[in-house]
Amino acid sequence: MALFHSAHGGNTREAAALLGIAPEQLLDFSANINPAGMPASLKHALQNNLALAERYPDVEYQRLHQALAAHHQIPTSWILAGNGETDAIFMLVKALAPRKALVVVPGFAEYRRALTQVGCDVAEFHLQEEEGWQLTGRVLDALTPDLDCLFLCTPNNPTGLLPDDSLLHAIAARCKTLGIALILDEAFMDFIRDRSGFIPHLADNPHLWVLRSLTKFYAIPGLRLGYVVGSDVQKVNQMRAMQMPWSINAFAALAGEVILQDTAYQQASWRWLEQARPRLRAALAALPALTVWPGVANYLFLRCDAPGSALQRALLERHILIRSCANYPGLDDRYYRVAVRSIEENDRLIAAMDAVLSGTGPVL
Ligand SMILES: Cc1ncc(COP(=O)(O)O)c(C=O)c1O
């Protein structure tokens, strides 16, 4: 049985309440946030600009959109920022108003929620464990003319796997031919060094949309900032016209102007992940009953062949919260996702998992 009501990771309040402790006492591996915390450059900018709270932000967020456009070297007219990427997902779906959509299972839950809200019929494409949970050419056959849009998450959440570039190009070509809007969620792309994702390919394809989040890589999930990018300027303008005024707070808008410039933070984050993830993956894979997939993002997807959802419970007793994937369509209570955190924090997770799975911890 699921331990929590929440559909997402990061609900430390609910988990802590179960134990009768304060949320701060939990080590949270359930939300995929950069453990470095927000960039120091942003912290200083926020501290020095508290007066922004006393004024309305620019309703067009010109400086923010210019900063995003400069970062990706694309026209400002292609971008619309939102109150987190989640907001951008809902804006895009509302503007596209699809009647039939295809989503990948297991995948991020908010695509389906946004699609259902506009009365869209949602079909599922199931990833398979026998295919290593990787997206394969099978998906090309699932692209039929009755579809209006396809959501893909690259790298996927919760698997952390990134489809081959050649497959993504084949999917984009087929979507273009069939007039299917291809929506690529690149919320975790910033974690991968030297990967620019599909934004450089937008010019050739007005059916292509890319969603980005700044909340994960720059550790600002409480501030919230994300955006949608596409070369169909008319559609972007339509979204702009439908967006609620001032929906991004002034501090989040300032964050967007500051953090993209912080190359030292970006470099340090890439170095940390390149060191920490393989180490965590190898240590977890060496434990009894665990299978770990080779994710490329800042989290790892695993299967535990000990019964029930007891692993999450047993770790919680040790004040460590991991994400059970039991509530993802297509998965069950053997599957989990853990964030990559600092080397020391990962070591705590490894030791706790070892104790639990090797039988020196609470019985599973
Ligand atoms: C795949 C994916 N896309 C988008 C989001 C939403 O990001 P944001 O916090 O910017 O709304 C999340 C958050 O968990 C996510 O996992």
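What you are looking at is a predicted structure, and each value in this text was computed from that prediction instead of being measured. Along each chain, residue indices are assigned from 1 in the same order as the chain's sequence is written. Owing to the predicted nature of the model, reporting of local features is limited to residues with pLDDT of at least 70; listing and counting of side-chain atom pairs is limited to 80 or more, with chain, interface and lining totals taken over all residues. Working from all heavy atoms in the structure, the side-chain values ignore hydrogens and water.

Chemist: How should I be thinking about the overall build of the chain in this particular structure?
Modeler: Going along the chain from the N terminus, every DSSP run of H or I of four or more residues is numbered as a helix, and every run of E of two or more is numbered as a strand. Scanning the chain from terminus to terminus reveals twelve helices and 13 strands. For this measure, only C-alpha atoms enter the radius of gyration; the expected value for a globule follows 2.2 Å times N^0.38, where N is the number of residues. Its C-alpha radius of gyration of 21 Å places the chain within 12% of the 21 Å reference for a compact globule of 364 residues. Summarising its shape, the C-alpha atoms of the chain cover approximately 60 × 55 × 35 Å along the three principal directions. Considering the chain as a whole, with its 364 residues, one finds that 53% of them fall into the buried category. Here, two residues are considered to be in contact whenever any of their heavy atoms come within 4.5 Å of each other. Expressed as a percentage of contacts within the chain between residues at least 6 apart in sequence, the contacts between residues at least 24 apart total 71%. Residue-level accessible areas treat just the shown protein chains as cover; the underlying method is Shrake-Rupley with a 1.4 Å probe. Taken as a whole, the chain presents about 15,400 Å² of accessible surface, with 52% of it coming from carbon and sulfur. Note on exposure labels: buried denotes an accessible area under 20% of the residue type's maximum, exposed denotes more than 50%, and partly exposed covers the range between, all computed with a 1.4 Å probe on protein chains only.

Chemist: Please explain a nonpolar patch on the surface as it appears in this structure.
Modeler: For patch detection, residues must exceed 30% relative accessible area and be free of salt bridges, and they are connected within 9 Å for like charges or within 5 Å for nonpolar side chains (Val, Leu, Ile, Met, Phe, Trp, Tyr). Salt-bridge detection follows one rule: a side-chain nitrogen of Lys or Arg within 4 Å of a carboxyl oxygen of Asp or Glu. On the surface, Y56, V59 and W246 cluster together to form a nonpolar patch covering roughly 370 Å² of accessible area. As for its placement among the helices and strands, V59 is situated in the loop between α2 (40-48) and α3 (62-72). The class of V59 is partly exposed, set by a relative accessible area of 45%.

Chemist: Would you explain helix α11 (residues 310-317) in this entry?
Modeler: In an α-helix, one turn spans 3.6 residues, which is why side chains three or four residues apart end up on the same side. Within the span of α11, buried status applies to L311, Q312, A314, L315 and L316. Two residues or fewer past α11, H319 is found with a positive phi of approximately 65 degrees.

Chemist: Can you walk me through the sheet that holds strand β5 (residues 149-153) in this structure?
Modeler: Within a beta sheet, neighbouring strands are joined by backbone hydrogen bonds and run either parallel or antiparallel to one another. Reading across from one edge, β2-β8-β7-β6-β5-β3-β4 is the order of the seven strands in this open sheet, with mixed pairing throughout. Edge positions in the sheet fall to β2 (79-82) and β4 (121-126), since each has one partner strand and no second. In this sheet, adjacent strand axes meet at a mean angle of 20 degrees when their direction is disregarded. Strand pairing is defined by DSSP finding a minimum of two bridges between the two strands. Sheet topology places strand β6 (residues 181-185) next to strand β7 (residues 208-213); four bridges connect them, and they run parallel. Across the sheet, L182 pairs through a bridge with L208, a residue of β7. Every axis in this analysis is a line fitted to C-alpha atoms, fitted for helices over the stretch in contact. Angles between the N-to-C directions lie between 0 and 180 degrees. Helix-sheet contacts for helix α4 (residues 85-96) involve β2, β5, β6, β7 and β8 (226-230), and the interaxial angle to β7 is about 160 degrees. Where helix α5 (residues 110-117) meets the sheet, its contacts fall on β3 (100-105), β4, β5 and β6, and the angle it forms with β3 comes to roughly 165 degrees.

Chemist: Honestly, helix α7 (residues 165-178) in this entry has me stumped. Any pointers?
Modeler: Here the expected length of a helix is defined as 1.5 Å per residue gap, with one fewer gap than residues. End to end, α7 covers 20 Å across 14 residues, agreeing with the expected 20 Å (1.5 Å per residue, within 8%). If you check which residues of α7 are buried, you get L167, L168, I171, A172 and C175. Seen from one end, α7 has its buried residues packed into an arc of 140 degrees, which puts them on one side. Across from the buried face of α7, at angles greater than 90 degrees, the exposed residues are S166 and T177. Considering only its buried residues, α7 is in contact with α6 (138-142), β5 and β6. Trailing α7 by a residue or two, G179 shows a phi angle of about 70 degrees, which is positive. Working definition: the arc comes from the directions between the helix axis and the C-beta atoms, pointing outward to the latter.

Chemist: Mind showing me how you'd approach empty space enclosed by the protein here?
Modeler: Computed over the protein atoms alone on a 1 Å grid, cavities are sets of points where a 1.4 Å probe fits but cannot get out and pockets are open sets with protein on both sides within 12 Å along at least five of seven lines; a residue lines them when it has an atom within 4 Å of a point. Grid points are joined across faces, edges and corners, and a volume is the space filled by probe spheres set on the points. Under the definition given, this model contains two cavities of 30 Å³ or more. What lines the largest cavity is simply V104, L127, W133, Q134, L135, L152, C153, T154, N156, L161 and P163. Residue classes in the lining of the largest cavity are distributed as eight nonpolar, three polar and no charged. Computed from the structure, the second largest cavity encloses a volume of approximately 30 Å³. The set of elements that each furnish at least two residues to the lining of the second largest cavity consists of β3 and β5. The biggest single contributor to the lining of the second largest cavity is β5, with three residues. Under the convention adopted here, Pro, Cys and the residues Ala, Val, Leu, Ile, Met, Phe, Trp and Tyr are nonpolar, Asp, Glu, Lys and Arg are charged, and Gly plus all remaining residues are polar. Residue composition of the lining of the second largest cavity, by class: seven nonpolar, two polar and no charged.

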